[in-house]
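# Architecture and fold: a report
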Amino acid sequence: MMNKIRPAFLLLTLVVAGCSGVLTSDQAAKQYYTLMPLAAGAGGPDGAGPELALTVTAVPGLDTDRIQSLGTDARLNYFANARWPDHLPELLASVIKRSLAANGRFAFVEVTDHASPNGWLLELEVQQFYGLQTASGETTSVVVGFEGSLSCDNSRHPVALSASAAVATERLSTVVSAHQRGLDDATRQLLAQIGGACP
């Protein structure tokens, strides 16, 4: 009887040991970083303006939730275990939408590719949103770039946004902070270009 129990007990022990390896991992947990909208300026419009439809897409390679850097050999690299909370176009659409809504110029801002009959349409493509690495792999700055168009009052206007921010120290928090500063700069450019194209 004992001889029959021992193989069964041994098998059960091996199964439990195998499962415990699946439930634990030596890999570091993913770290999620987000971006914030530009703070609303004092004395802006009262929100009685047009409705604005906003769409944000990304060039190939940037439609990911990974925080990236670009090497000197044109290779996109990833910061280990570092993530945005959503894929980059969705994250930036949310942040830019809130920045534009807080500005007070628009009656309503919505993320959609269809403008209302009398509304405006802002289409943006993310072309740069990554750190720049030296040949030794050190991230020294972040670049942010958008191209697109603004359709308003039966006319279409080009939009081009470009910004950079230095990375003081090689830490992920400072790299993310540089992304934030670059995005803030690009958002200010966007507000200025909207005001110039469609006063």
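Think of each chain on its own: its residues are numbered from 1, step by step along the sequence as written. Given that this is a predicted model, residues contribute local features only at a pLDDT of at least 70 and side-chain atom pairs are listed and counted only at 80 or more, while totals for whole chains, interfaces and linings are drawn from all residues. Hydrogens and water molecules were not included; the side-chain quantities draw on all heavy atoms of the structure.

### Some words on the overall build of the protein chain
This is how the line gets drawn: Strands are runs of DSSP state E lasting at least two residues, helices are runs of H or I lasting at least four, and both sets are numbered from the N terminus onward. Contacts: residue pairs with any heavy atoms within 4.5 Å of one another. Residue-level accessible areas treat just the shown protein chains as cover; the underlying method is Shrake-Rupley with a 1.4 Å probe.
The number of helices and strands found in the protein chain is three helices and eight strands. Across the protein chain, helices and strands are ordered from the amino to the carboxyl terminus as α-β-β-β-β-α-β-β-β-β-α. Contacts in the protein chain between residues at least 24 apart in sequence constitute 68% of all its contacts with a sequence separation of at least 6. Accessible area of the protein chain: about 11200 Å², with a carbon and sulfur share of 56%.

### So, the pattern of salt bridges
Let me state the cut-off plainly: Counted as salt bridges are all cases of a side-chain nitrogen of Lys or Arg within 4 Å of a carboxyl oxygen of Asp or Glu. The classification of residues rests on relative accessible area computed with a 1.4 Å probe and restricted to protein chains. Under 20% of the type maximum is buried, over 50% is exposed, and intermediate values are partly exposed.
Using the criterion set out here, one finds three salt bridges in the structure. Asp73 is the salt-bridge partner of Arg75, the closest N and O atoms lying 3.8 Å from each other. Classification of Arg75 as exposed rests on a relative accessible area of 51%. Across the salt bridge formed by Glu123 and Arg156, the nearest N and O atoms sit 3.4 Å from each other.

### What to know about the state of the cysteines
Filter applied, for reference: The disulfide definition used here is simple: a pair of cysteine sulfur atoms within 2.5 Å.
Scanning the model with the defined rule gives one disulfide in all. Here Cys152 connects covalently by a disulfide to Cys198, the sulfurs 1.6 Å from one another. Measuring the twist about the S-S bond at about -55°, one finds the Cys152-Cys198 disulfide to be left-handed. Of this pair, Cys152 sits in strand S7 (residues 139–152) while Cys198 sits in the segment after helix H3 (172–197), and the two are 46 residues apart along the sequence. Grouping residues by exposure puts Cys152 and Cys198 together as buried.

### Topic: the packing of helix H2 (residues 88–103) against H3
Keep this limit in mind: In this description, a line fitted to the C-alpha atoms serves as the axis of each element, helices being fitted only across the stretch in contact, and the angle between N-to-C directions of two axes falls anywhere from 0 to 180 degrees. Angles below 35 degrees are treated as roughly parallel, those above 145 as roughly antiparallel, those between 65 and 115 as roughly perpendicular, and all remaining angles as oblique. Working rule for handedness: look at the near helix, and if it is turned counterclockwise from the far one by less than a right angle, call the crossing left-handed; if clockwise, right-handed. Classification used: nonpolar for Ala, Val, Leu, Ile, Met, Phe, Trp, Tyr, Cys and Pro, charged for Asp, Glu, Lys and Arg, polar for all others including Gly.
Direction vectors running N to C along H2 and H3 enclose 50°, while the axes themselves pass 11 Å from each other. With respect to each other, H2 and H3 are oriented oblique. Between H2 and H3 lies a crossing of right-handed hand. Within the contact between the two elements, H2 uses Leu92, Val95, Ile96, Ser99, Leu100 and Asn103 and H3 uses Leu183, Thr187, Leu190, Leu191 and Ile194. A class-by-class count of the residues in the contact of H2 with H3 yields eight nonpolar, three polar and no charged.

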